[in-house]
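Descriptive structure summary
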Amino acid sequence: MEKRMIKNTDLSVAPINFGGNVFGWTLDEQQSFDILDQFTEAGFNFIDTADTYSWWVNGRGDSLKKLSVNG
């Protein structure tokens, strides 16, 4: 997959961004890890981790994303 450089950085990202607003809210922990694993195994690496997602679940969504990315 061709990656795109983010201007003024040394970061390259996939052309498709995955919105993480489902983690810790509509998906449980196992479902979240399964989807993130499939996404990254397919070569994608651009995940929207906005801190406003799932704010009513005490930040659980962002915690799951950090666990998955940090492995």
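Up top is the structure these notes are about.
Residues numbered from 1 in each chain as written. Predicted model: local features only at pLDDT ≥ 70, side-chain atom pairs only at ≥ 80, totals over all residues. Heavy atoms only, no water.

**A word on the environment of Gly43**
Within the fold, Gly43 resides in the loop between helix H1 (29–41) and strand S4 (47–48). Between the C-alpha atoms of Gly43 and Glu2, which are 41 residues apart in sequence, the distance is 9.5 Å. Beyond its immediate sequence surroundings of up to four residues, Gly43 is in contact with Met1, Lys3 and Ala14. (Helix = DSSP H or I, 4+ residues; strand = E, 2+ residues; numbered from the N terminus. Contact = heavy atoms within 4.5 Å.)

**Some details on the packing of aromatic side chains**
By the definition in use, this model includes two aromatic pairs. An angle of 45° between the planes, with centres 5.0 Å apart, marks the rings of Phe18 and Phe39 as tilted. Taken as a pair, Phe18 in strand S3 (residues 18–19) and Phe39 in helix H1 lie far apart in primary sequence, 21 residues in all. Consider the rings of Phe39 and Phe44, whose centres lie 4.9 Å apart with planes at 15°: the pair is stacked. Of the aromatic side chains, those joined through ring pairs into one cluster are Phe18, Phe39 and Phe44. (Phe/Tyr/Trp six-rings, centres within 6.5 Å; stacked < 30°, edge-to-face > 60°.)

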